[in-house]
Amino acid sequence: PGWFVGAAPLDLPSSGHGGSDPTIFIEGDEYIVGGADRRSKFQLYKPRALLLTSLVHDHMNVFPTMADYEAPFAELIDRLPADALMVAAHNFEPIHRLAAGRRVVWYGADACPGYHADNTQVGEVTSFDLVTPTGRVIPLETPLLGRHNIENIVGAAAFLLERSAIDAGALARGVRSFRGLERRL
């Protein structure tokens, strides 16, 4: 598959690659396209699946109110096909409200209905158990620090496992070897 991320990844040759598969993974951004085009960048995409990692009021310079900030997210969710996979962080009330009526696969760093981390041990290598909605436990280790990284790993794992795009062994190897980002772009 192809990819486009807003960062310089340590483990990929570039921040973007077209790929030979029809699937492309794009990191969306709610910030506006530019001064003349006030749409959020992700409003230019036509997603067939969505991983929504958070929804916290940001960029007050262009989204003065929470309602202004939520509006492009509401449109993004509404544009998803009815049968599209939507994986979303459980801890954000606005996501629950905006996704009402849709099938959502939830995830979080804490126990929630969906995928979550359990038995987290922080150290030079952080380990935790990924618990799936069926109760399956997949032990994972990561060199990345911080609760946000665990939550992001759980979300990405949920997305990939729900798509049957990866098995538990490949997931564990990928998480263990991923070193993160050199810098955001």
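Up top is the structure these notes are about.
The structure reproduced in this document is the subject of the present report. (Residues numbered from 1 in each chain as written. Predicted model: local features only at pLDDT ≥ 70, side-chain atom pairs only at ≥ 80, totals over all residues. Heavy atoms only, no water.)

### Description of the packing of aromatic side chains
Reasoning step 1: Using the criterion set out here, one finds four aromatic pairs in the structure.
Reasoning step 2: Ring geometry for Phe42 versus Phe73: centroids 5.1 Å apart, planes at 65 degrees, classification edge-to-face. On the criterion of sequence distance, the pair formed by Phe42 in the loop between strand E4 (24-26) and strand E5 (49-52) and Phe73 in helix H1 (residues 66-79) is long-range, its members being 31 residues apart.
Reasoning step 3: For Phe42, a relative accessible area of 5% gives the class buried.
Reasoning step 4: Take Phe73: its relative accessible area is 4%, and that puts it in the buried class.
Reasoning step 5: A connected cluster of aromatic rings, assembled from ring pairs, spans Phe42, Phe63, Tyr69 and Phe73. (Phe/Tyr/Trp six-rings, centres within 6.5 Å; stacked < 30°, edge-to-face > 60°. Helix = DSSP H or I, 4+ residues; strand = E, 2+ residues; numbered from the N terminus. Buried < 20%, exposed > 50% of the residue type's maximum accessible area, 1.4 Å probe, protein only.)

### Considerations on the sheet that holds strand E10 (residues 137-142)
Reasoning step 1: The six strands lie next to each other as E5-E6-E7-E8-E9-E10, forming an open sheet whose pairing is mixed. Because the sheet does not close on itself, it has two edges, and the strands there are E5 and E10. Between one strand and the next, the sheet's axes are offset by a mean angle of 20 degrees, whatever the strand orientation.
Reasoning step 2: Examined bridge by bridge, strand E7 (residues 105-108) and strand E8 (residues 115-121) share two bridges and lie parallel to one another. Residue Tyr107 lies in a different strand from E8, and its bridge partner there is Tyr115.
Reasoning step 3: Helix H4 (residues 168-177) rests against strand E9 (126-131) and E10 of the sheet, and its axis sits at about 20 degrees to E10. (Pairing = 2+ DSSP bridges. Axes fitted to C-alpha atoms, helices over the stretch in contact; angles between N-to-C directions. Contact = heavy atoms within 4.5 Å.)

### Remarks on the nonpolar core
Reasoning step 1: Counting 43 residues, the largest nonpolar core has Leu52, Met86, Ile95, Tyr115, Leu130, Leu140 and Val154 as its most contacted members.
Reasoning step 2: In terms of residue count, helix H3 (residues 147-162) provides more of this core than any other element does, seven residues in total.
Reasoning step 3: With residues up to four places along the chain from it excluded, the contact list for Tyr115 reads Val105, Trp106, Tyr107, Gly108, Leu130, Val131, Thr132, Pro133, Val154, Ala158, Leu161 and Glu162. (Core = buried A, V, L, I, M, F, W, Y, C linked by side-chain atoms within 4.5 Å.)

### Some details on the environment of Glu141
Reasoning step 1: Structurally, Glu141 is set in strand E10.
Reasoning step 2: We classify Glu141 as partly exposed; its relative accessible area is 37%.
Reasoning step 3: It is 38 Å that separates the C-alpha atoms of Glu141 and Ala67, two residues lying 74 residues apart in sequence.
Reasoning step 4: Excluding anything up to four places from it in sequence, Glu141 contacts Val125, Thr126, Ser127, Val175 and Arg176.
Reasoning step 5: Separated by 3.2 Å, the side chains of Glu141 and Arg176 make a polar contact. (Polar contact = N/O pair within 3.5 Å; in protein donor to acceptor, adjacent residues only side chain to side chain.)

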